[in-house]
Amino acid sequence: DTGVSQDPRHKITKRGQNVTFRCDPISEHNRLYWYRQTLGQGPEFLTYFQNEAQLEKSRLLSDRFSAERPKGSFSTLEIQRTEQGDSAMYLCASSPLGGRGRETQYFGPGTRLLVL
Amino acid sequence: GDSVTQMEGPVTLSEEAFLTINCTYTATGYPSLFWYVQYPGEGLQLLLKATKADDKGSNKGFEATYRKETTSFHLEKGSVQVSDSAVYFCALSDPSGNTPLVFGKGTRLSVIA
């Protein structure tokens, strides 16, 4: 297994456009998390899934942000009507549901978004 | 709510110097504690962790000890290398894994030859 992967690695878009990012977790991991990281800050939690169920979404930044994990495997994060303030690194992480190591999250390389 | 406080950076050291990056936390119960490292343009890599009081996490010459009495998890390395230049994040989570990670703001380390 090659770890958590994210696509694309970089995205440049114009204000008002919609963007979608994909995350593929480590294959045996049931939990999947999305974070946002702005310059000079630590990652900020957005939402997370256990299998296909979205267990926490109150921290999504606005109703322009949505996430799905339809089959409990990969996940997508969509931002509608992007704004310049959405420019950031979007990080995905996964962890196992139970057993030893369930508290540890493994991160992907991130998708860097620039909104012009 | 839970929080993590790290020493402000940037930290600049000469190669082979001793490194300490301070981290303290506020949490209910007994969180799991982590150090993650981020190299330029990349995501976060787990560096080490500790899941209970007095545990010492270690990896690649880095160490940190979970100190419940001082609510601290300071990162140390005896002799840094240029390749250690990166941003280091201290983080905590509930040991059940049911909560997201809470991160500090990060400390940028630059090691010069």
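Above this note sits the structure.
Residues numbered from 1 in each chain as written. Chains lettered and ligands numbered in written order. Predicted model: local features only at pLDDT ≥ 70, side-chain atom pairs only at ≥ 80, totals over all residues. Heavy atoms only, no water.

**Digging into the overall build of chain A**
Counted only if it meets this: Under the DSSP-based scheme used, a helix requires at least four consecutive residues in state H or I and a strand at least two consecutive residues in state E, with every element numbered from the N terminus. Note that the radius of gyration is over C-alpha atoms, with the globule rule given as 2.2 Å times the number of residues to the power 0.38. Any residue under 20% of the maximum accessible area for its type is buried, any over 50% is exposed, and the rest in between are partly exposed; the area is computed with a 1.4 Å probe on protein chains only. The contact criterion used is simple: two residues touch if any of their non-hydrogen atoms lie within 4.5 Å.
Secondary structure summary: chain A contains 0 helices and 11 strands in total. Listing every helix and strand of chain A by position from the N terminus yields β-β-β-β-β-β-β-β-β-β-β. Its C-alpha radius of gyration of 14 Å places chain A within 12% of the 13 Å reference for a compact globule of 116 residues. Reported as C-alpha extents along the three principal axes, the dimensions of chain A are approximately 45 × 25 × 20 Å. The buried share of chain A, reckoned over its 116 residues, is 46%. Summarising the internal contacts of chain A: among those between residues at least 6 apart in sequence, 54% fall at separations of at least 24.

**Quick look at the packing of aromatic side chains**
Rules: Stacked, tilted and edge-to-face are the three classes assigned to paired rings of Phe, Tyr and Trp, where Trp is represented by its six-membered ring and a pair needs centres within 6.5 Å; plane angles under 30 degrees give stacked, over 60 edge-to-face, the rest tilted. We call a charge positioned over a ring when the NZ of a Lys or the CZ of an Arg lies within 6 Å of the ring centre and within 35 degrees of the ring normal.
Applying the stated criterion across every chain yields a total of 15 aromatic pairs over all chains. When the centroid spacing of 5.5 Å and the interplanar angle of 45° are considered together, the rings of Tyr35(A) and Phe107(A) count as tilted. Remark: Phe107(A) occurs in strand 10 (residues 106-107) and Tyr35(A) occurs in strand 4 (residues 31-37); sequence separation between them is 72 residues. For Phe107(A), a relative accessible area of 10% puts it in the buried group. Where Phe34(B) meets Tyr36(B), the ring centres are 6.1 Å apart and the plane angle is 35°; that geometry is what we call tilted. Taken as a pair, Phe34(B) and Tyr36(B) share a single burial class, namely buried. An aromatic cluster is defined as three or more aromatic residues linked by ring pairs; in this entry it consists of Tyr33(A), Tyr35(A), Phe45(A), Tyr48(A), Phe107(A), Phe34(B), Tyr36(B), Phe89(B) and Phe103(B). Between the NZ or CZ atom of Lys68(B) and the centre of the ring of Tyr30(B), over which it lies, the distance is 4.1 Å.

**Digging into the pairing of strand 9 (residues 88-95) of chain A**
All names here are of chain A. For clarity, the cut-off: Strands are treated as partners if at least two bridges between them are detected by DSSP.
Here strand 9 lies mainly inside the structure; 8 of its 8 residues are buried. Pairing analysis gives 3 bridges linking strand 9 to strand 11 (residues 111-115), with the strands arranged antiparallel. Paired with Tyr-90 across the bridge in strand 11 is Thr-111.

**Some remarks on the pattern of salt bridges**
All names here are of chain A. Rules: Salt bridges are counted wherever a side-chain nitrogen of Lys or Arg sits within 4 Å of a carboxyl oxygen of Asp or Glu.
If you walk through the whole model with that rule in mind, you get 7 salt bridges over all chains. Arg-36 is paired through a salt bridge with Glu-44; the nearest N and O atoms lie 3.6 Å apart. We classify Arg-36 as buried; its relative accessible area is 14%. The residue Arg-64 makes a salt bridge to Asp-86 at a minimum N-O spacing of 2.8 Å. Residue Arg-64 is found in the loop between strand 6 (53-56) and strand 7 (65-68), and its partner Asp-86 is found in the loop between strand 8 (75-79) and strand 9; the two are separated by 22 residues along the sequence. You'll find Arg-64 and Asp-86 in the same group, each marked buried. Shared partners join several salt bridges into a network, and the residues in it are Arg-64, Glu-83 and Asp-86.

**Let's talk about a nonpolar patch on the surface**
Selection rule: Nonpolar side chains (Val, Leu, Ile, Met, Phe, Trp, Tyr) within 5 Å and like charges within 9 Å form the patches, drawn only from residues with over 30% relative accessible area and no salt bridge. Per-residue and other accessible areas were derived by the Shrake-Rupley procedure at a 1.4 Å probe size, with only the shown protein chains allowed to occlude residues.
There is a patch of nonpolar side chains on the surface, built from Ile12(A), Leu114(A) and Leu116(A) and spanning about 300 Å² of accessible area. By the element assignment, Leu114(A) lies in strand 11.

**A closer look at the state of the cysteines**
Put plainly, a disulfide is one covalent bond tying together the sulfur atoms of two cysteines. We count it as follows: Disulfides are defined as cysteine sulfur pairs within 2.5 Å.
On inspection of all chains with the given rule, the structure shows 2 disulfides over all chains. Here Cys23(A) engages in a disulfide with Cys92(A); their sulfurs sit 1.8 Å apart. Measuring handedness by torsion sign, the sulfur bridge of Cys23(A) and Cys92(A) sits at about -70° and is left-handed. On the criterion of sequence distance, the pair formed by Cys23(A) in strand 3 (residues 19-24) and Cys92(A) in strand 9 is long-range, its members being 69 residues apart. The two residues Cys23(A) and Cys92(A) agree in class, both being buried. A sulfur-sulfur distance of 2.0 Å marks the disulfide that ties Cys23(B) to Cys90(B). As the torsion about the S-S bond is roughly -70°, the Cys23(B)-Cys90(B) disulfide counts as left-handed. Of this pair, Cys23(B) sits in strand 4 (residues 23-26) while Cys90(B) sits in strand 10 (residues 86-93), placing them 67 residues apart in sequence.

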